[in-house]
Amino acid sequence: MRYTVIVTDKISGEAIKGAKVELTNEVQSAQDLKTNSSGTVIFPSEESYVNQIIVTKDGYFPKDTVDVISNPDSNLTLILRSISIYLVPTDTAKTDSTNKQ
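The rules behind each value
- Residues numbered from 1 in each chain as written.
- Predicted model: local features only at pLDDT ≥ 70, side-chain atom pairs only at ≥ 80, totals over all residues.
- Heavy atoms only, no water.
- Pairing = 2+ DSSP bridges.
- Helix = DSSP H or I, 4+ residues; strand = E, 2+ residues; numbered from the N terminus.
- Axes fitted to C-alpha atoms, helices over the stretch in contact; angles between N-to-C directions.
- Polar contact = N/O pair within 3.5 Å; in protein donor to acceptor, adjacent residues only side chain to side chain.
- Contact = heavy atoms within 4.5 Å.
- Buried < 20%, exposed > 50% of the residue type's maximum accessible area, 1.4 Å probe, protein only.

S.K.: Can you walk me through the sheet that holds strand β3 (residues 30-34) in this structure?
M.R.: Sheet strands pair via backbone hydrogen bonds, and the direction of the pair is either parallel or antiparallel. Pairing is antiparallel in the open sheet, where four strands are placed in the order β3-β2-β5-β6. Since the sheet does not close on itself, it has two edges, and those belong to β3 and β6 (63-68), each with one partner. The sheet shows a mean angle of 20° between the axes of neighbouring strands, taken without regard to direction. Pairing geometry for strand β5 (residues 50-56) and β6, over six bridges, is antiparallel. Residue V55 lies in a different strand from β6, and its bridge partner there is K63.

Here's what the structure looks like:
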């Protein structure tokens with residue numbers, strides 16, 4: 001299986017370069033890579049059907065997700081997975097609703 005993870009800014013829709021993407025499978029084997037200039041990272045062969053993906057980048061809230069392949073097609077020699085993850089910039093949280101002026 002080969003994973004392609006695409007990371008974009010939730011507000012602007014732009015690709016996020018240099019985001020750390022961690023892929024961990026069910027036996028807790030982890031791989032860390034950084035996104036390229038198009039916000040993409042490709043993990044080579046991963047022989048797991050339950051994977052946790054954690055994305056972090058300065059200036060953004062971290063995001064994690066779990067990808068489960070419930071019915072793998074054993075006839076395929078290579079399974080390709082593409083996952084889009086949107087990060088929310090932390091500066092969107094500057095508005096404090098409890099601050100009454």
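After presenting the structure, the write-up continues.
S.K.: Any chance you could explain the side chain of T24 here in plain terms?
M.R.: The residue T24 is located in strand β2 (residues 20-25) in this model. Of note is the side chain of T24, whose polar atom sits 3.2 Å from the side chain of E22. When neighbours within four sequence positions are excluded, T24 is seen to be in contact with S29, A30, V50, N51 and Q52.

S.K.: Looking at this model, I keep getting lost on the environment of S37. Mind explaining?
M.R.: Within the element layout of this structure, S37 appears in the loop between β3 and β4 (40-43). Overall, the relative accessible area of 59% leaves S37 in the exposed class. As a C-alpha pair, S37 and A19 span 18 residues in sequence and 10.0 Å in three-dimensional space. Among all residues touching S37, those that are not within four sequence positions of it are A15 and K17.

S.K.: Even after reading the chapter, I still don't get the sheet that holds strand β1 (residues 2-9), so can you show me in this structure?
M.R.: Here three strands make up an open sheet; going across it, the order is β4-β1-β7 and the pairing mixed. Each having just a single partner strand, β4 and β7 (80-87) make up the two edges of the open sheet. Averaged over all neighbouring strand pairs, the angle between strand axes comes to 20°, with direction disregarded. By the bridge criterion, eight bridges tie β1 to β7 in an arrangement that is parallel. Opposite V7, over in β7, you have I85 as the bridge partner.

S.K.: So what exactly am I meant to see when it comes to the side chain of D67 here?
M.R.: With respect to the helices, strands and loops of the structure, D67 is situated in strand β6. At 2.5 Å, the side chain of D67 and the side chain of Y3 are in polar contact. When residues no more than four places from it in sequence are discounted, the contact partners of D67 are Y3, Y49, V50, N51, R81 and I83.

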